[in-house]
Amino acid sequence: MRILIISRKAEEVRRSFQIRQMAALGLSFEFLDAFEAGDLTAEECQTAASNWPSPTRRQDIGCFLSHRKAWQAVIAHGAKMLILEDDAVLSDDIAAVLANIEARNDAWNSVYDLEFAPRRHILNRKRAWQDEAGRFGATRVYQNRVGLAGYVIGPEAAKRMLAETNTYSLIDAHFWHRSWLAAYQIEPAPVIQQRFLEGEAESADFVRPEKDLVFLPLSKVRKQLRRLELESIKARNLVAGLLWGQKRDVLVDRSRFNAGTVKSG
C-alpha cells in the first residue's frame, strides 16, 4: 500500500525521524509537502474561522488544507493509501495491518483509523474482522473519534471528503463525523503520536509551541447553526452507538513501537 506522510519542508527533525523509522520497518513512502500556515493572510484565516463554531488557529487551517492535498493524491492514485502526519510512530506489525486492509474488498465508504488517541471512543461490542493469526482486528467506531495522524482511505471516500470540504472545518472533527462514513478502528492501534508514547509527552522535537493567534467566528447566528449541524450528525452516530456499542479506550500495545523509539537529533 502506498504511504504518504504529510510534512512541512522545514521540519527537518521530523523528516529525519520518519526516514529512519520507515527504513527500520522496511516500508516505502513519500513526503507530501504540507501547506504552510504562515502563507495564510489574516483575512483568509478570519474567513475560515467564520465557518467553524470554535476558535481557529493558522495551523488548524494549514492542517485542513494539507489533508485535502492528500485526498487529491489518493484520488489520482486510484487505490487505498495510508495517510500519516509526520509525528506518527508505527508499530512493528504495521506492514501486516496494511496488507490485510489492502486485500479486503471493502465498501467505498470504509475508512480505517489506525491511530491511538487518548480519548474514549464508542465502538461496536464485536470486531468486524480479525486477521488469521489473531494479532489485530477492526472494530466499527461510532463516536468520539479524534485525530488524523494515521488513517487508510480509498479514492471514492477521498473524493467525497474533498467535495464536502470546500469551506474550512476543524479537519479531524469534520472527518470522523460524516454520516455516510463507515469508520473502523484497528486494534491494537498500530499508530501513535510520539508525545503519547511513555516518557515522550513533552518532547520538544515533537510538540509545536502554541504561538499563533486565535480567530473566532464573527456571526453568532452562523456559529450556532454550524454547531447544531455538527451536533445533529453526532446524535445520529450516538444512536447507533447506544444500540450496538460500548464506550471504552482504544486498545494499544506500546511494546510494539520499537522502531519509533529511536530518538531524533
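Provided above is the structure to which this section pertains.
Residues numbered from 1 in each chain as written. Predicted model: local features only at pLDDT ≥ 70, side-chain atom pairs only at ≥ 80, totals over all residues. Heavy atoms only, no water.

## Regarding the overall build of the protein chain
- On a plain count of helices and strands, the protein chain comes out with 7 helices and 15 strands.
- Its C-alpha radius of gyration of 18 Å places the protein chain within 12% of the 18 Å reference for a compact globule of 265 residues.
- Referenced to the eigenvectors of the C-alpha coordinate spread, the extents of the protein chain come out at roughly 55 × 50 × 40 Å.
- By residue count, 49% of the 265 residues in the protein chain fall in the buried class.
- A sequence separation of at least 24 residues applies to 83% of the contacts in the protein chain between residues at least 6 apart.
- Looking at the protein chain as shown, the accessible area adds up to about 12600 Å², and 52% of this sits on carbon and sulfur atoms.
- Averaging the positions of the 38 positive and the 34 negative side-chain charges in the protein chain gives two centres separated by 6 Å. (Helix = DSSP H or I, 4+ residues; strand = E, 2+ residues; numbered from the N terminus. Rg over C-alpha atoms; globule rule 2.2 N^0.38 Å. Buried < 20%, exposed > 50% of the residue type's maximum accessible area, 1.4 Å probe, protein only. Contact = heavy atoms within 4.5 Å. Areas by Shrake-Rupley, 256 points an atom, 1.4 Å probe, with all protein chains shown as cover. Lys, Arg positive; Asp, Glu negative; His and termini not counted. Charge placed at Lys NZ, Arg CZ, Asp CG, Glu CD.)

## Points about the nonpolar core
- In terms of nonpolar packing, the biggest core is built from 36 residues, with Trp71, Ile83, Tyr151, Ile153 and Phe175 touching the most fellow members.
- No other element matches the 6 residues that helix H3 (residues 58-77) contributes to this core. (Core = buried A, V, L, I, M, F, W, Y, C linked by side-chain atoms within 4.5 Å.)

## Describing helix H7 (residues 220-244)
- Between its first and last C-alpha atoms H7 spans 36 Å; for 25 residues at 1.5 Å apiece the expected length is 36 Å, and the two agree.
- Along H7, the residues that are buried comprise Arg226, Leu230, Ile233, Asn237, Ala240 and Gly241.
- In this fold, the buried residues of H7 make contact with strand E8 (121-124), strand E10 (137-143), helix H6 (171-176) and strand E15 (245-248). (Expected span 1.5 Å × (residues − 1).)

## Re the pattern of salt bridges
- Counted according to the given criterion, the structure contains 16 salt bridges.
- A salt bridge links Lys80 to Asp106; its shortest N-O distance comes to 3.4 Å. Pair noted here: Lys80 is in the loop between H3 and strand E4 (81-85) and Asp106 is in the loop between helix H4 (94-103) and strand E6 (110-113), with a separation of 26 residues, a long-range link.
- Look at Lys80 and you get partly exposed, because its relative accessible area is 21%.
- Asp106 sits in the partly exposed class, given a relative accessible area of 21%.
- The residue Glu164 makes a salt bridge to Arg160 at a minimum N-O spacing of 3.0 Å.
- Looking at Glu164, the relative accessible area reads 28%, which means it is partly exposed.
- Overall, the relative accessible area of 35% leaves Arg160 in the partly exposed class. (Salt bridge = Lys/Arg side-chain N within 4 Å of Asp/Glu carboxyl O.)

## Considerations on H4
- Listed in full, the buried residues belonging to H4 are Ile94, Val97, Leu98 and Ile101. Along the axis of H4, the buried positions cluster into a sector of 95°, meaning they face one direction only. (Arc of directions from axis to C-beta.)

## Observations concerning the sheet that holds strand E13 (residues 191-193)
- As summarised here, the arrangement of the 3 strands in space is E5-E13-E7, forming an open sheet in which the pairing is mixed. A strand with exactly one partner marks an edge of an open sheet, and here the two such strands are strand E5 (88-90) and strand E7 (115-116). (Pairing = 2+ DSSP bridges.)

## Structural notes on the packing of H3 against helix H5 (residues 155-163)
- Viewed as axis vectors pointing N to C, H3 and H5 meet at an angle of 140°, and their least axial separation amounts to 8 Å. With respect to each other, H3 and H5 are oriented oblique. In the crossing of H3 with H5, the sense of the turn from one axis to the other is left-handed. Residues Arg68, Trp71, Gln72, Val74 and Ile75 of H3 touch H5, and the partners they reach there are Pro155, Ala158, Lys159, Met161 and Leu162.
- Residues belonging to the contact of H3 with H5 are distributed by class as follows: 7 nonpolar, 1 polar and 2 charged. (Axes fitted to C-alpha atoms, helices over the stretch in contact; angles between N-to-C directions. Parallel < 35°, antiparallel > 145°, perpendicular 65-115°, else oblique. Left-handed = near helix turned anticlockwise from the far one by under 90°. Nonpolar A, V, L, I, M, F, W, Y, C, P; charged D, E, K, R; others polar.)

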